[in-house]
Amino acid sequence: MNTFQSVERDERTVAVENASYKWAYAFITYALLIDIACRAAIRHEGAWDLMVLVIVGGAVCTMYQARQKTLARSWLKSAVLIACLGGIVGFIIAAILTMTKAI
């Protein structure tokens with residue numbers, strides 16, 4: 001008996017789906033960051049609720065990867081370095097805005 005059964009989902013399908021989720025997550029995250037910047041610059045309102053969404057989304061992704069043991073060995077070092085650089089850039093921007101009386 002030779003019946004042909006089509007395979008609807010294979011490893012390639014799962015890999016493509018996961019890649020599409022990655023692109024969608026990156027798009028939504030950067031769209032939120034742009035929205036936060038526009039609200040702050042144009043409307044002069046705080047958008048901390050949206051910033052929390054970005055931060056919590058990244059934390060959930062990192063926690064899942066940690067539980068599945070898929071994080072690289074130097075992920076903590078990279079995360080601390082990025083956080084420090086972000087803090088330094090934020091401090092510099094705040095100092096410039098304070099000096100120019102823009103705040």
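Look up a bit, the structure's there.
So, here is what we can say about the structure in this document. Note that the structure is predicted; figures quoted are calculated from it, not measured.

Description of helix α3 (residues 75-99)
Its 25 residues place the ends of α3 36 Å apart at the C-alpha level, agreeing with the 36 Å of an ideal helix rising 1.5 Å per residue. With its phi angle positive at about 60 degrees, Lys101 sits one or two positions after the end of α3.

Observations concerning the pattern of salt bridges
A complete count under the given rule lists 2 salt bridges for this structure. Note that Asp35 is salt-bridged to Arg39, the shortest N-O span being 3.6 Å. Here Asp35 pairs with Arg39, and both are found in helix α1 (residues 11-43), just 4 residues apart, close to one helical turn. The exposure class of Asp35 is partly exposed, given its relative accessible area of 29%. The exposure class of Arg39 is partly exposed, given its relative accessible area of 23%.

What to know about the side chain of Thr29
Along the chain, the position of Thr29 falls in helix α1. Within the structure, the side chain of Thr29 is placed 2.8 Å from the backbone oxygen of Tyr25, a separation counted as a polar contact.

Cut-offs and rules
Residues numbered from 1 in each chain as written. Predicted model: local features only at pLDDT ≥ 70, side-chain atom pairs only at ≥ 80, totals over all residues. Heavy atoms only, no water. Helix = DSSP H or I, 4+ residues; strand = E, 2+ residues; numbered from the N terminus. Expected span 1.5 Å × (residues − 1). Salt bridge = Lys/Arg side-chain N within 4 Å of Asp/Glu carboxyl O. Buried < 20%, exposed > 50% of the residue type's maximum accessible area, 1.4 Å probe, protein only. Polar contact = N/O pair within 3.5 Å; in protein donor to acceptor, adjacent residues only side chain to side chain.

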